[in-house]
2 protein chains.
Amino acid sequence: MSAQPLDSSEHRSGALLDHLARRMRLRSESVLAPLGLRPRHLVALTVLRAGGGTGQQALATILEMDSTNIVGLLNDLEAKQLIERRRSPEDRRRHVVELTDNGAKRLSEAECALATAEDEVLGALDPAERETLYKLLSRASTGTAVNCTEAICVADDAC
Amino acid sequence: MSAQPLDSSEHRSGALLDHLARRMRLRSESVLAPLGLRPRHLVALTVLRAGGGTGQQALATILEMDSTNIVGLLNDLEAKQLIERRRSPEDRRRHVVELTDNGAKRLSEAECALATAEDEVLGALDPAERETLYKLLSRASTGTAVNCTEAICVADDAC
DNA sequence: AGGGATCATTCGTGAAGCACCAACTATTTA
DNA sequence: TAAATAGTTGGTGCTTCACGAATGATCCCT
């Protein structure tokens, strides 16, 4: 414990994260509407793509949403055939949730459509910086998913 | 295998941003409650610290909130004496919003209190990576806001 | 000076997200 | 068999937030 003895940097990213996420979400909504998706759906799909084959409860934990609300979310996605619920053979109580091919395709389309939104929000960052940002966010959200043990650490361009 | 055969960067940070912001916000709420603040207050304070002396309308633009809702937000902060509204001498219709000393202090306290929350959410990143993340987020959030005449020139610590 | 636009404010309304509770089914486990 | 677990459904209530309407103060233009 006691991992923060002294901190020369008071730099907390929380508020900035909140701020940028909001700005992104506002733009995403209008961009995603024609695709029949909402930002939260994208989040779920993204998580599923990163670590598919999870039960709904695990998903609830990852997304930190109430399990009862997960159901509705997945109902939406299943109705659009973007995900599939299959009973786990090991534990037949469990519904294993996985992205369908259609879902993966739609997710890609959505991400593509988000390019302009991202341009507006992350306009101050050049492509390399955005990629760095993506990698950091990705690592933070999955904890491990990204293999790539390469010391990427480009990022030093600033400062 | 080939890691990324398709488009070099389909990598959209939107969903990840949303996801992490949510996780951070959930933790922030409980941490901030004893301080009488909520995540959105922190966002506002952070923005004000970065580019103080803005009118409320400009603030509404930056935060992308409706101006009528900004009022309530600022009322909260003013009631706690974390900000001050002063009439602009140039345009007396305008209320120039600025962080008070008390507000800056409280913001620092809050950020300090958020350390554990951030540890939980960004646990997969080491300090250097977190600093990189902070810098990227910071640049992104101040870089594209409203290029109005402001040009506050934050120029915070070091670097 | 008059008229229109702008800033801030207040109030109200309605939609949406979400946490929470309760009850139910199917299945596993002790 | 009894208890625990995974999912589902339905309902309730709180909070956030966008949007509209009305007001007072002030600026700017003619």
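Bear in mind that the values here come from a model prediction, so they are computed numbers and not experimental data. (Residues numbered from 1 in each chain as written. Chains lettered and ligands numbered in written order. Predicted model: local features only at pLDDT ≥ 70, side-chain atom pairs only at ≥ 80, totals over all residues. Heavy atoms only, no water.)

### A look at the overall build of chain A
- Along chain A, the regular secondary structure elements total seven helices and three strands.
- Across chain A, helices and strands are ordered from the amino to the carboxyl terminus as α-α-β-α-α-β-β-α-α-α.
- Long-range pairs, those at least 24 residues apart, make up 47% of the contacts in chain A between residues at least 6 apart in sequence.
- In the structure as shown, chain A presents an accessible area of about 8400 Å², 51% of it carried by carbon and sulfur atoms. (Helix = DSSP H or I, 4+ residues; strand = E, 2+ residues; numbered from the N terminus. Contact = heavy atoms within 4.5 Å. Areas by Shrake-Rupley, 256 points an atom, 1.4 Å probe, with all protein chains shown as cover.)

### Brief notes about the interface of chain A and chain B
- Every contact between the two is made by 57 residues of chain A and, on the other side, 57 residues of chain B.
- With both sides pooled, the region where chain A packs onto chain B buries about 5600 Å², and carbon together with sulfur makes up 62% of that total.
- Broken down residue by residue, the surface that chain A buries against chain B is led by H11(A), R12(A) and E64(A), which jointly contribute 13%.
- Counting across the interface, chain A meets chain B through 10 salt bridges.
- As a salt-bridge pair, R25(B) and D18(A) come within 3.7 Å of each other at their nearest N and O atoms.
- Where chain A packs against chain B, one counts 22 residue pairs in polar contact (both at pLDDT 80 or more).
- Among the secondary structure elements, those contributing two or more residues to the side of chain A that touches chain B are α1 (14-32), α2 (39-50), α3 (56-63), α5 (101-113), α6 (115-121) and α7 (127-142) of chain A.
- For the side of chain A that touches chain B, a count of residues per class yields 29 nonpolar, 13 polar and 15 charged. (Buried area = accessible area lost by both parts, 1.4 Å probe. Salt bridge = Lys/Arg side-chain N within 4 Å of Asp/Glu carboxyl O. Polar contact = N/O pair within 3.5 Å; in protein donor to acceptor, adjacent residues only side chain to side chain. Nonpolar A, V, L, I, M, F, W, Y, C, P; charged D, E, K, R; others polar.)

### Concerning the sheet that holds strand β1 (residues 54-55) of chain B
Residue and element names in this part refer to chain B.
- Strand order in the open sheet formed by three strands is β1-β3-β2, and the pairing between neighbours is antiparallel. Sheet topology places β1 and β2 (83-87) at the edges, where each strand pairs with a single neighbour.
- Looking at chain direction, β1 and strand β3 (residues 95-99) are connected through two bridges and run antiparallel. Each residue of the ladder has a partner; that of T54, found in β3, is V97.
- Lying over the sheet, helix α2 (residues 39-50) contacts β1, β2 and β3, oriented at roughly 95° with respect to β3. (Pairing = 2+ DSSP bridges. Axes fitted to C-alpha atoms, helices over the stretch in contact; angles between N-to-C directions.)

### Considerations on the packing of α2(B) against helix α4 (residues 67-79) of chain B
Residues and elements named next belong to chain B.
- Contact geometry for α2 and α4: axes closest at 11 Å, N-to-C directions at 85°. As the angle between them shows, α2 and α4 are arranged roughly perpendicular. For the pair α2 and α4, contact is made by R40, H41, A44 and L45 and by L73, D76 and L77, respectively.
- Taken together, the residues that form the contact of α2 with α4 break down as four nonpolar, one polar and two charged. (Parallel < 35°, antiparallel > 145°, perpendicular 65-115°, else oblique.)

### As for helix α3 (residues 56-63) of chain B
- Residues of α3(B) that are buried: Q56(B), L59(B), A60(B), I62(B) and L63(B). Summarising the axial view, the buried residues of α3(B) lie within an arc of 165°, below the 170-degree limit, and thus occupy one face.
- In this structure, the buried residues of α3(B) make contact with α1 of chain A together with α2, β1, α4, β2 and β3 of chain B.
- Positive backbone phi, approximately 55°, marks E64(B), located one or two places after α3(B). (Buried < 20%, exposed > 50% of the residue type's maximum accessible area, 1.4 Å probe, protein only. Arc of directions from axis to C-beta.)

### With respect to the side chain of H19(A)
- Examined against the element boundaries, H19(A) turns out to sit in helix α1.
- In this structure H19(A) comes out as buried when scored by relative accessible area, which is 3%.
- Leaving out residues up to four positions away in the same chain, H19(A) has contacts with V43(B), V47(B), I62(B), L63(B) and S141(B).

### Quick word on the protein's contact with DNA strand D
- The environment of DNA strand D is formed by 20 residues, the closest being R22(A), Q56(A), R85(A), R38(B) and R40(B).
- When atoms of DNA strand D within 4 Å of the protein are sorted by moiety, sugar and phosphate together comprise 75%.
- Between a base oxygen of DNA strand D and a side-chain N or O atom of R93(A), the distance comes to 3.1 Å.
- T68(B) places a polar side-chain atom, nitrogen or oxygen, 3.2 Å from a base nitrogen of DNA strand D.
- At the level of elements, α3 and α4 (67-79) of chain A together with α4 of chain B are the ones that each hand at least two residues to the surface near DNA strand D.
- Here the surface near DNA strand D gets three residues from one element, more than from any other, and that element is α4(A). (Near = heavy atom within 4 Å.)

### Focus on the relation of the copies chain A and chain B
- Of the transformation placing chain A onto chain B, the axial shift is 0.0 Å and the rotation is 180°, giving an RMSD of 0.1 Å. In the structure described here, the two chain copies are related by an operation that fits a two-fold rotation axis.
- An overlap of 91% is found between the interface residues of chain A and their copies at the interface of chain B, pointing to a shared contact surface. (Least-squares fit on C-alpha atoms with pLDDT ≥ 70 in both.)

### Thoughts on the confidence of the model for chain A
All names here are of chain A.
- Confidence in the prediction of chain A, expressed as mean pLDDT, is 83, and 83% of residues score 70 or more.
- Confidence, expressed as mean pLDDT per element, reaches its minimum in chain A at α6 with 89 and its maximum at strand β3 (residues 95-99) with 95.
- Confidence over residues 1-8 falls short of pLDDT 50; this stretch has three contacts with residues more than four positions distant or in other chains.
- Predicted confidence is poor over residues 144-159, with pLDDT under 50, and the contacts of this stretch with residues over four places away or in other chains come to 12 contacts. (pLDDT = per-residue confidence, 0-100.)

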